[in-house]
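# Fold and contact review
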Amino acid sequence: MSRIARALTIAGSDSGGGAGIQADIKTFQELDVYGMSAITAVTVQNTLGVSNVYPLPPEAAAEQIEAVGSDLGVDALKTGMLFSAEIIEAVAAQIRAFGWTQVVVDPVMVAKGGASLLQPEAVQALRDRLLPLASIVTPNLPEAEVLSGRSIRSMEDRREAAKRICAYGSRQVVIKGGHDADPGDRIVDLYYDGATFTELIGQRIPTPHTHGTGCTFSAALTAELAKGTPALEAVRIARAFIQAAIEHGLGLGQGHGPTNHFAYRRLQGASR
């Protein structure tokens, strides 16, 4: 029997189930990957927003990673909400210790409702400690502005930001276009592999139910990398996964509802 691919998520818990650890595990499962987790914080949230955050001690995150890595093994991992510089340091130390190279960094900074999920003083630790270990970084436009230290208003700005983010050590970056200030009816994600830019264009769906899209996209990307899918193809599959999840929404909650994590598999099954 062939061994199943294994993916680890290092992130916060979302009590509403639409983002964070919960979204990641659902996505791993839907893409036929065995999912594991190291929880960095417990958030109290639903579709109306985050009402509280309880970060775990850095050693709790480190010990969870050690437990998984020393026994089950990891083919690819992603980081999400890390909250503090101390947690980032602990996570980075474990990634270095295990020598993991398929590392997706989703630089989660702010929740959909505006709550801060990364302390301001932790941004430098993210740049200095985690980005040099990343195989691919997946910021949205506001996060790309913070990481690159520049305003992004045009596609040329995005290209320059991608170069700057890669200069911190990441081998590749995807700057997601969902937060475009002048959106129109399409979304343009920019993929950069350190040499070549690729624009990936998708249809924008007018819906408030987009909670956890960044988590879900990066989890799908991690799952595909765990299976050995080449990076650009993994990005394309991750985009198709989140597109289906948004298009076939569940309509849950009174605010920013979750996406539909089982839509992609059902559509794939229907097309066969």
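Residues numbered from 1 in each chain as written. Predicted model: local features only at pLDDT ≥ 70, side-chain atom pairs only at ≥ 80, totals over all residues. Heavy atoms only, no water.

Quick note on the threshold: UniProt positions are given in the numbering used here, feature names are shortened, and annotations may be inferred rather than shown by experiment.
The name an unreviewed UniProt entry gives the chain is Hydroxymethylpyrimidine/phosphomethylpyrimidine kinase, with Paenibacillus timonensis as the organism. Taken directly from UniProt, the Sequence similarities (unreviewed entry) text for the chain runs: "Belongs to the ThiD family."

### Observations concerning the pattern of salt bridges
Spelled out, the test is: In the sections that follow, a salt bridge refers to a side-chain nitrogen of Lys or Arg positioned within 4 Å of a carboxyl oxygen of Asp or Glu. Burial classes: relative accessible area under 20% of the type maximum marks a residue as buried, over 50% as exposed, and values in between as partly exposed (1.4 Å probe, protein chains only).
For the coordinates displayed, the defined rule picks out 13 salt bridges. In this structure, glutamate 145 engages arginine 153 in a salt bridge whose closest nitrogen and oxygen atoms are separated by 3.1 Å. A residue is classified by how much of its surface remains accessible, and glutamate 145, at 25% relative accessible area, is partly exposed. The exposed category is assigned to arginine 153, whose relative accessible area is 67%. Aspartate 157 is paired through a salt bridge with arginine 150; the nearest N and O atoms lie 2.7 Å apart. Residue classification places arginine 150 among the partly exposed residues on the basis of a relative accessible area of 22%. Salt bridges sharing partners connect three or more residues here, namely Arg3, Arg6 and Asp75.

### Digging into the environment of serine 70
Put simply, the rule is: Helix numbers and strand numbers start at the N terminus; a helix is a DSSP run of H or I with at least 4 residues, a strand a run of E with at least 2. By the criterion applied in these results, polar contacts are pairs of N or O atoms within 3.5 Å in which, for protein atoms, one can donate a hydrogen and the other can accept it, and in which residues neighboring in sequence qualify only through two side-chain atoms.
Its place among the elements puts serine 70 in helix H2 (residues 58-71). Between the alpha carbons of serine 70 and phenylalanine 98 there is a distance of 8.6 Å; along the sequence they are 28 residues apart. At 2.7 Å, the side chain of serine 70 forms a polar contact with the backbone oxygen of glutamate 66.

### Examining helix H8 (residues 231-247)
Since there are 3.6 residues in each turn of an α-helix, residues three or four apart along the chain are aligned in direction. Our working rule: Given a helix with a known number of residues, its expected span is that number minus one, times 1.5 Å.
Its 17 residues place the ends of H8 24 Å apart at the C-alpha level, agreeing with the 24 Å of an ideal helix rising 1.5 Å per residue. Inspection of H8 places Ala231, Ala234, Val235, Ile237, Ala238, Arg239, Phe241, Ile242, Ala244, Ala245 and Ile246 among the buried residues, and these make up the whole buried set.

### Observations concerning the environment of glycine 214
Going by this rule: In this description, contact between two residues means that some pair of their heavy atoms is separated by no more than 4.5 Å.
Along the polypeptide, glycine 214 turns up in helix H7 (residues 213-226). A residue is classified by how much of its surface remains accessible, and glycine 214, at 18% relative accessible area, is buried. Sequence separation between glycine 214 and glycine 80 is 134 residues; the distance between their C-alpha atoms is 9.1 Å. Other than its neighbours up to four places away in sequence, glycine 214 contacts Asp106 and Lys176.

### Comments concerning the packing of helix H1 (residues 20-30) against H7
Worth spelling out the cut-off: Working convention: axes come from line fits to C-alpha atoms, limited for helices to the stretch in contact. Angles between N-to-C directions cover 0 to 180 degrees. Any angle between 65 and 115 degrees counts as roughly perpendicular, while under 35 counts as roughly parallel, over 145 as roughly antiparallel, and the rest as oblique. Rotating anticlockwise by less than a right angle from the far helix to the near helix defines a left-handed crossing, while the corresponding clockwise rotation defines a right-handed one. Under this grouping Gly is polar, as are all residues other than the nonpolar Ala, Val, Leu, Ile, Met, Phe, Trp, Tyr, Cys and Pro and the charged Asp, Glu, Lys and Arg.
Contact geometry of H1 with H7 gives a least axis separation of 9 Å together with a crossing angle of 40°. Taken together, the axes of H1 and H7 lie oblique to each other. As H1 runs across H7, the sense of the crossing is right-handed. Seen from H1, the contacting residues are Gly20, Ala23, Asp24, Thr27 and Phe28; seen from H7, they are Cys215, Thr216, Ala219, Ala220, Thr222 and Ala223. Residues of the contact of H1 with H7, tallied by class, amount to six nonpolar, four polar and one charged.

### Quick word on helix H4 (residues 123-130)
Of the positions making up H4, those classed as buried are Val123, Ala125, Leu126, Arg127 and Leu130. Those residues of H4 that are buried are in contact with strand S4 (76-79), helix H3 (85-98), strand S5 (103-105) and helix H5 (141-148).

### Observations regarding the sheet that holds strand S7 (residues 172-175)
The condition is simple: A pair of strands counts as paired when DSSP detects no fewer than two bridges linking them.
A sheet is described by the order of its strands in space; here nine strands give the open sequence S3-S2-S1-S4-S5-S6-S7-S8-S9, paired in mixed fashion. What marks the edges here is a single partner per strand, and that holds for strand S3 (49-55) and strand S9 (197-203). Where strand S6 (residues 136-137) lies against S7, two bridges are found, and the strand directions are parallel. Of the residues in S7, the one forming a bridge with valine 137 is valine 173.

### Let's talk about the environment of leucine 126
Tracing the backbone through its elements, the reader meets leucine 126 in helix H4. Residue leucine 126 is classed as buried on the basis of its relative accessible area, which comes to 4%. Sequence spacing of leucine 126 and valine 105 is 21 residues, and the spatial spacing of their C-alpha atoms is 9.4 Å. In this structure, leucine 126 is in contact with Ile88, Val105, Pro107, Met109, Leu118, Leu131 and Leu147, ignoring residues within four places of it in sequence.

### So, the packing of H7 against H8
Two numbers describe how H7 lies on H8: the axes approach to 8 Å, and their chain directions differ by 140°. By the angle between their axes, H7 is oblique relative to H8. As H7 packs across H8, the resulting crossing turns out to be right-handed. Contact residues: H7 offers Thr213, Thr216, Phe217, Ala220, Leu221, Glu224 and Leu225, while H8 offers Ala231, Ala234, Val235, Ile237, Ala238, Arg239, Phe241, Ile242 and Ile246. Residue classes in the contact of H7 with H8 are distributed as 12 nonpolar, two polar and two charged.

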